[in-house]
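# Residue-level structure breakdown
Okay, here's what each chain looks like letter by letter:
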Amino acid sequence: MPDEPNIHQPEWDAEMPDAPFRAKAMRAGARAGSQELGATLYEIEAGGAISPYHFHHANEELLIVLAGSPEIRTPGGRRRLDAGGVMAFSRGEDGAHAVTNPGPEPARILLVSTMHFPDVAEHLDTGALLAITGQAAGKVFPAGSDVPFPDAVLGAIEAGDGEARDDDAA
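Note that the structure is a prediction, hence the values are computed from the model and not measured. (Residues numbered from 1 in each chain as written. Predicted model: local features only at pLDDT ≥ 70, side-chain atom pairs only at ≥ 80, totals over all residues. Heavy atoms only, no water.)

### Focus on the layout of surface pockets
- Considering only enclosed or pocket space, the largest pocket measures out at about 1,000 Å³ in volume.
- Forming the boundary of the largest pocket are 38 residues, of which Arg27, Tyr42, His56, Ile132 and Ala136 lie nearest the centre.
- Its residues placed into classes, the lining of the largest pocket shows 20 nonpolar, 14 polar and four charged.
- As a volume, the second largest pocket reaches approximately 190 Å³.
- Breaking the lining of the second largest pocket down by element, the ones donating at least two residues are strand 13 (129–134) and strand 14 (137–141). (1 Å grid on protein atoms, 1.4 Å probe; cavity = no way out; pocket = protein on both sides within 12 Å on 5 of 7 lines; lining within 4 Å. Points joined across faces, edges and corners; volume = space filled by probe spheres on them. Nonpolar A, V, L, I, M, F, W, Y, C, P; charged D, E, K, R; others polar. Helix = DSSP H or I, 4+ residues; strand = E, 2+ residues; numbered from the N terminus.)

Structural data, given as C-alpha cells:
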C-alpha cells in the first residue's frame, strides 16, 4: 500500500542543507505509488536551488509554486513566480530551466514530470550529461569525458572479443 503522502505535512526523503542546494525534497508521486508521473515537493531556503540550468530529452515537467517566490531561469530569461504560479518545461532545449530562491522567505514548489526512462538531461552551463535510468538512478558524464560514438562501439566490441564464451566450445 502506498504511503499516502501529504504536501502540507511532508516527510522529507532528502535534505540538502549545503550550498548551492539548501533544500528538502519529498517524492510525493513515488510515495503515492505513481508509475507514470513523478511529483516532487521541494522546500527551498532563501539563497538555495534545486537544479542547475538543464533540459530533458525524454521528459516534460510542470512547476507549481505553493509558497514563496522562486526565480525561474529559462531560455527567455529569468523571472519570479508568486504562489499559485504554474510553468511548463517541454522536453528539449526550449524547455531548459533552473529553479532558485533568492528569498527572502523559503519557497515551496511541486514539480510534476512524466517518467520516461531512459532520459538524458543536459546541463547547459557545465556541459555535463546525465543518463537517467530510473527514479534517482543513472550516471553523470562531466564535460570532456565523452567519447565519439563509433569509438565507444568499437571499444565495446573489442572488450567483448577477449572473453571466452561457453557457446564457442561446441
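On we go from here.
### A look at unusual backbone geometry
- Backbone torsion omega between Ala19 and Pro20 reads 5 degrees, so that peptide bond is classified as cis.
- Mapped onto the elements of the fold, Pro20 is located in the loop between strand 1 (14–16) and strand 2 (23–27).
- Cis peptide bonds are those with omega within 30 degrees of zero, and the linkage from Gly103 to Pro104 qualifies with 10 degrees.
- Here Pro104 is to be found in the loop between strand 10 (98–101) and strand 11 (107–114).
- In this structure, Arg22 takes a positive phi of about 50 degrees despite not being glycine.
- Within the secondary structure layout, Arg22 lies in the loop between strand 1 and strand 2.

### Digging into the packing of aromatic side chains
- The full count for this structure, using the stated rule, is zero aromatic pairs.
- Over the ring of Tyr53 we find Arg73; its NZ or CZ atom is 3.8 Å from the centre of that ring. (Phe/Tyr/Trp six-rings, centres within 6.5 Å; stacked < 30°, edge-to-face > 60°. Lys NZ or Arg CZ within 6 Å of the ring centre and 35° of its normal.)

### Overview of the nonpolar core
- Counting residues in each nonpolar core, the largest one holds 14 residues, and the members touching the most others are Tyr42, Ile44, Ile50, Leu63, Ile72, Val99 and Ile109.
- Elements with a minimum of two residues in this core: strand 2, strand 3 (37–44), strand 6 (61–67), strand 9 (86–89) and strand 11.
- Each residue touching Ile109, except ones within four places of it in the same chain, is listed here: Thr40, Leu41, Tyr42, Ile44, Ile50, Leu63, Ile64, Val65, Leu66, Pro70 and Val99.
- Met26, Ala28, Leu41 and Leu110 belong to the second largest nonpolar core, which has five residues in total. (Core = buried A, V, L, I, M, F, W, Y, C linked by side-chain atoms within 4.5 Å. Buried < 20%, exposed > 50% of the residue type's maximum accessible area, 1.4 Å probe, protein only. Contact = heavy atoms within 4.5 Å.)

### Section: the pattern of salt bridges
- According to the stated counting rule, one finds six salt bridges in the structure shown.
- Lys24 serves as the salt-bridge partner of Glu43, at 3.9 Å between the closest nitrogen and oxygen. Residue Glu43 is found in strand 3, and its partner Lys24 is found in strand 2; the two are separated by 19 residues along the sequence.
- Judged by relative accessible area, which is 25%, Lys24 ranks as partly exposed.
- Two residues, Glu43 and Arg108, come together in a salt bridge whose shortest N-O distance is 2.4 Å. Here the residue Glu43 occupies a position in strand 3, and Arg108 occupies one in strand 11, the gap between them amounting to 65 residues.
- Within this structure, Glu11, Asp13 and Arg31 form a network of salt bridges that share partners. (Salt bridge = Lys/Arg side-chain N within 4 Å of Asp/Glu carboxyl O.)

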